[in-house]
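A closer look at the structure
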Amino acid sequence: MFMKKRIVSLCMAIVFLIAMIPPIVVHADAVDVVDSGSCGGDLAWTLDTKGTLTISGTGSMYNYGHTDSGYSVAPWYEYEEMDEITSIVVESGVTSIGNHAFLGCYNAGEISISDTVMIIGDFAFDNCSALVNIDIPESVIEIGSYAFSGCTSLKSISIPESVTVLGDGVFNCCWDLKEITFWGNAPSMFIPNNARYEYGTFWNITTTAYYPNNNPTWTTEILNEYYGGNITWTP
């Protein structure tokens, strides 16, 4: 009888000790930082093991160039070349996306832009060929030249009424772009002083573009400025 009590007491003690051990939680979706650095005076970038490139902080992003431009390439350029960047997140607080910032992020199928961004720079998303849809926030006032050039999978896009300037060749060679919707006044057309870039906003695409009916800024003269492709204009 005494032996049975000892065995029961021992078993209870073991159960108690096991209960005191904290559970080990395995996070299957845990990610680690692959690389990080600075991309603006008060901006930082991180790339994680899931392929998400995140821009965080406050203020403007640095402007970059491409490999033969004479300007510094973006600090994550080597990962662009290896197709490791699959999504891009520009967080709240960022006010501009630099020139050539995400040029050649071929595998970036998801791109999120916060509503603090006011300027999308020249060639910012050039050749992001996996991009199908993107929301441009109503904070954006300027979209630079060739910003979405070569986004060959892009299906549709809306230009918020906040946008007042569109650069040359913005949608150059966006072959799958079938619908563009303008929600405000006709943006002015900006063409750089470099004839090499004067191909027109819609160069080499066939699309339908919608603009606000009875908006006096959408004149025939303005519509003729948006040249370069086969555009069906619909008020």
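Report follows, based on the coordinates.

Now for a negative patch on the surface. On the surface, a cluster of negative charge is made up of E78, E81, D83 and E84. Secondary-structure assignment places E81 in helix 2 (residues 77-81). Taking relative accessible area as the criterion, E81 reaches 46% and is therefore assigned partly exposed.

Another point: the nonpolar core. Core analysis: the biggest nonpolar cluster contains 57 residues, and W76, F102, I120 and F148 have the highest contact counts within it. For this core, the element with the most residues is strand 2 (residues 43-48), which contributes 3 residues. The contacts of W76, once residues within four sequence positions are left out, are C39, W45, L53, I55, M61, Y64, I85, A101 and F102.

The strand order 10-12-14-15 describes an open sheet built from 4 strands, whose pairing is parallel. Both edges of this open sheet fall to strand 10 (156-159) and strand 15 (230-234), since each of them pairs with a single strand only. Averaged over neighbouring strand pairs, the angle between their axes works out to 20° when direction is ignored. Sheet topology places strand 10 next to strand 12 (residues 179-182); 4 bridges connect them, and they run parallel. Residue pairing across strands places I157 opposite I180, the latter belonging to strand 12.

Moving on, we get to the pairing of strand 12. One ladder, built from 3 bridges, connects strand 12 with strand 14 (residues 206-210); its direction is parallel. Across the sheet, T181 pairs through a bridge with Y210, a residue of strand 14.

Criteria and thresholds
The written sequence of each chain sets the order in which its residues are numbered from 1. It should be noted that, the model being predicted, local features are given only for residues of pLDDT at least 70 and side-chain atom pairs only at 80 or more, the latter also being counted only at that level, while totals for whole chains, interfaces and linings use all residues. As a rule here, side-chain values cover all heavy atoms of the structure and leave hydrogens and water aside. A patch is a set of surface residues, each over 30% in relative accessible area and not in a salt bridge, joined within 9 Å for like charges and within 5 Å for the nonpolar side chains Val, Leu, Ile, Met, Phe, Trp and Tyr. Each accessible area is a Shrake-Rupley result for a 1.4 Å probe, and residues are judged covered by the shown protein chains and nothing else. Salt bridge, as used here: a side-chain nitrogen of Lys or Arg that lies within 4 Å of a carboxyl oxygen of Asp or Glu. Counted charges follow a simple rule, with Lys and Arg positive, Asp and Glu negative, and His plus the chain ends left uncounted. Charge positions are represented by NZ for Lys, CZ for Arg, CG for Asp and CD for Glu. Secondary structure elements follow DSSP: runs of H or I no shorter than four residues count as helices, runs of E no shorter than two count as strands, and numbering proceeds from the N terminus. Any residue under 20% of the maximum accessible area for its type is buried, any over 50% is exposed, and the rest in between are partly exposed; the area is computed with a 1.4 Å probe on protein chains only. Only buried Ala, Val, Leu, Ile, Met, Phe, Trp, Tyr and Cys residues count toward a nonpolar core, and they belong to the same one when joined by side-chain atoms within 4.5 Å. We call two residues in contact when some of their heavy atoms are within 4.5 Å. Only strands joined by at least two bridges in the DSSP assignment are considered to pair. All axes are obtained by fitting lines to C-alpha atoms, using only the stretch in contact for helices, and the reported angles, taken between N-to-C directions, cover 0 to 180 degrees.

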